[in-house]
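Fold and contact review
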Amino acid sequence: MANKMIDRPRDCFRSRRESSSALAAVAVLRKMRGGSQSVLLRATDGALYVVKMMGNPQGPNVLANEVLGNELANYLGLPVPVWRPIYLSDEFLDRNWLCWFESVSGLVRPSAGLHFASLALGEDSSARAYEVLSGACLSRIGNRTDFVAMLVLDLWASNTDNRQAIFVRGADTQLITAVFVDNGHMFGGPHGQQQLRRGGALFLDRRVYAGLGLRKMFSQWLRRVRSINEGVLLGLARSIPDEWMSKDYLTQVISQLRVRQIALSELLENEMSLVGRMGVGSYPIGEGESRIHCQNIGQRPSILGVNADTSTRGGLSDEGDRLRTEASGNRGRD
């Protein structure tokens, strides 16, 4: 597996297939950013989870896409958070209006039942998690080659949103691990009909692909993806609760994946030429930058190893601001 030898915080993401037994919600901590209007909840196992709920404004298949995307990435050995179904009761929803969806006509209460819960990274442990890294921090990502593998998967699975990742650093290491999150726009999006635009599945900061030998890596991962057959897909899809899938969801997704397996080599070639033209390899990662800004999840912008109160936004370059702005705007679709 591509990430086998990486030193990384424990229990932040999946190292093996997790139990699909349902949790129950205990308390709501806060509303999260994003179009799916997810919430941060504490569950009966004591852990914190980011929960996307059935009936969210983005569309009918978001939860099914989240599960199948997570399962496929895990099958390929890529780091993804633990996910579990979580039960929200009528009583819980009635007394926790933060779970309700905001709409133009007012608040809408979600239906009681099973919802999608993804383990919150950096929220309830000694590990710290970041949404955005500067170029100076990118050289500390221990599994940067996984971005190439994830790009192959995203192109195959027609992810219509830019790839998103959370960067996790343990308390006793400077090494950073990228953990891949937010798969709701895979498989043609929530309605299964969106078209993937060229470059649309790339990670926003394309410097993560610099100097990785893309052609050789694409070839290796192309063979891996092409080895995934219908039996494997159906096996992974067994984890999806029936109520999370629209009619004919699996039939349409598997048909789409078969077609894109054939065209994947051409899709990869197009993406490789696009990344190459952007000049991501024009300077070594970590050089030519004085800023070491990282954005800590749920907090003000902070500097690695320095209290957020001492950081100053004025010292950041326009490029850092642009990447952060794009990332924040993109996460609004989640």
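Everything here concerns the structure above.
One structure accompanies this document, and this report is about it. As the structure is a computational prediction, the values presented were derived from the model and not from experiment.

Each value, and the rule that gives it
- Residues numbered from 1 in each chain as written.
- Predicted model: local features only at pLDDT ≥ 70, side-chain atom pairs only at ≥ 80, totals over all residues.
- Heavy atoms only, no water.
- Phe/Tyr/Trp six-rings, centres within 6.5 Å; stacked < 30°, edge-to-face > 60°.
- Helix = DSSP H or I, 4+ residues; strand = E, 2+ residues; numbered from the N terminus.
- Buried < 20%, exposed > 50% of the residue type's maximum accessible area, 1.4 Å probe, protein only.
- Pairing = 2+ DSSP bridges.
- Axes fitted to C-alpha atoms, helices over the stretch in contact; angles between N-to-C directions.
- Polar contact = N/O pair within 3.5 Å; in protein donor to acceptor, adjacent residues only side chain to side chain.
- Core = buried A, V, L, I, M, F, W, Y, C linked by side-chain atoms within 4.5 Å.
- Contact = heavy atoms within 4.5 Å.

1. What about the packing of aromatic side chains?
Taken as a whole and judged by the stated rule, the model has eight aromatic pairs. Relative to Y209, the ring of F147 lies with its centre 6.5 Å away and its plane at 85 degrees, an arrangement referred to as edge-to-face. With a gap of 62 residues between them, F147 in helix α4 (residues 146–156) and Y209 in the loop between β10 (176–181) and α5 (214–226) connect regions that are remote in the sequence. Relative to F203, the ring of F167 has its centre 5.9 Å away and its plane inclined at 80 degrees; by these criteria the two rings are edge-to-face. One end of the pair, F167, is in strand β9 (residues 164–169); the other, F203, is in the loop between β10 and α5, with 36 residues separating them in the sequence. A single burial state applies to F167 and to F203, both of which are buried.

2. Some points on the pairing of strand β1 (residues 23–31)
Here β1 runs beside strand β4 (residues 83–88); their pairing, made up of two bridges, is parallel. The residue bridging L23 from the neighbouring strand is I86, located in β4. Bridge count for β1 against strand β2 (residues 39–43) is five bridges, and the pairing is antiparallel. Residue pairing across strands places K31 opposite V39, the latter belonging to β2.

3. Notes on α4
Burial analysis of α4 places eleven of its eleven residues in the buried class, the great majority of the element. Those residues of α4 lying buried are D146, F147, V148, A149, M150, L151, V152, L153, D154, L155 and W156. Phi turns positive, to about 50 degrees, at S158, one or two residues after α4.

4. Looking at the sheet that holds β4
Ordered by their spatial adjacency, five strands build a closed barrel running β1-β2-β3-β7-β4, and the pairing between neighbours is mixed. Averaged over all pairs of adjacent strands, the angle between strand axes in this sheet comes to 55 degrees, irrespective of strand direction. Relative to strand β7 (residues 113–119), strand β3 (residues 48–52) runs antiparallel, the two being bridged by four bridges. Residue pairing in the sheet places K52 in a bridge with F116 of β7.

5. Topic: the side chain of E71
Tracing the backbone shows E71 in helix α1 (residues 62–75). Classification of E71 by relative accessible area gives buried; the value is 2%. Separated by 2.9 Å, the side chains of E71 and W83 make a polar contact.

6. Quick look at the nonpolar core
L68, L72, F147, W156, F167, F187 and Y209 are the most contacted members of the largest nonpolar core, which totals 63 residues. Among all residues touching F167, those that are not within four sequence positions of it are R128, A129, Y130, E131, L133, I141, F147, I176, T177, A178 and F203. Among the nonpolar cores identified, the runner-up in size contains 19 residues, and V28, F101, A117 and L119 belong to it.

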